[in-house]
Amino acid sequence: MKKLLLLPTMLGLAGCSEQTERAYPVEELVADEALLSGIITNCRNNPGELRDTVNCRNAEAADGKLRLQRMRQTLGG
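Note that the coordinates shown come from a computational prediction; the quantities given were computed from them, not determined experimentally.

1. Some points on the nonpolar core
- Core analysis: the biggest nonpolar cluster contains 12 residues, these being Tyr24, Val26, Leu29, Val30, Leu36, Ile39, Ile40, Cys43, Cys56, Ala59, Ala62 and Leu66.
- Counting only elements with at least two residues in this core, the list comes to helix H2 (26–31), helix H3 (33–45) and helix H5 (54–74).
- When near neighbours in sequence (up to four residues on either side) are disregarded, cysteine 43 contacts Leu50 and Cys56.

Structure (structure tokens):
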């Protein structure tokens with residue numbers, strides 16, 4: 001009987017729990033510029049809440065890496 005009560009309780013708690021966003025590594029963001037652009041836009045639209053999240057930090061790092069790559073290409077390096 002206890003097992004029958006435990007299952008609905010667990011399902012109810014799982015439904016109420018906060019969804020965690022997937023953390024994207026820098027390399028994946030460099031490879032997918034559309035995803036990078038979306039994350040940067042969200043981070044810059046809500047810097048108070050999102051500035052210190054993993055995705056925002058990784059997106060800023062990926063953006064910097066892409067900018068350096070573009071500069072090197074432009075300069076012929």
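2. Regarding the pattern of salt bridges
- By the definition in use, this model includes 5 salt bridges.
- For the salt bridge of arginine 44 with glutamate 60, the shortest nitrogen-to-oxygen distance reads 3.5 Å. Note that arginine 44 is positioned in helix H3 and glutamate 60 in helix H5, a separation of 16 residues in sequence.
- Overall, the relative accessible area of 48% leaves arginine 44 in the partly exposed class.
- The closest approach of N and O atoms between aspartate 63 and arginine 67, which form a salt bridge, is 3.0 Å. Remark: arginine 67 and aspartate 63 occur in helix H5; sequence separation between them is 4 residues, near one turn of the helix.
- Taking relative accessible area as the criterion, arginine 67 reaches 48% and is therefore assigned partly exposed.
- Linked by salt bridges that have partners in common, Arg44, Glu60, Asp63 and Arg67 make up one network.

Conventions used here
Residues numbered from 1 in each chain as written. Predicted model: local features only at pLDDT ≥ 70, side-chain atom pairs only at ≥ 80, totals over all residues. Heavy atoms only, no water. Core = buried A, V, L, I, M, F, W, Y, C linked by side-chain atoms within 4.5 Å. Buried < 20%, exposed > 50% of the residue type's maximum accessible area, 1.4 Å probe, protein only. Helix = DSSP H or I, 4+ residues; strand = E, 2+ residues; numbered from the N terminus. Contact = heavy atoms within 4.5 Å. Salt bridge = Lys/Arg side-chain N within 4 Å of Asp/Glu carboxyl O.

Taken by themselves, the reported measurements are silent on function.
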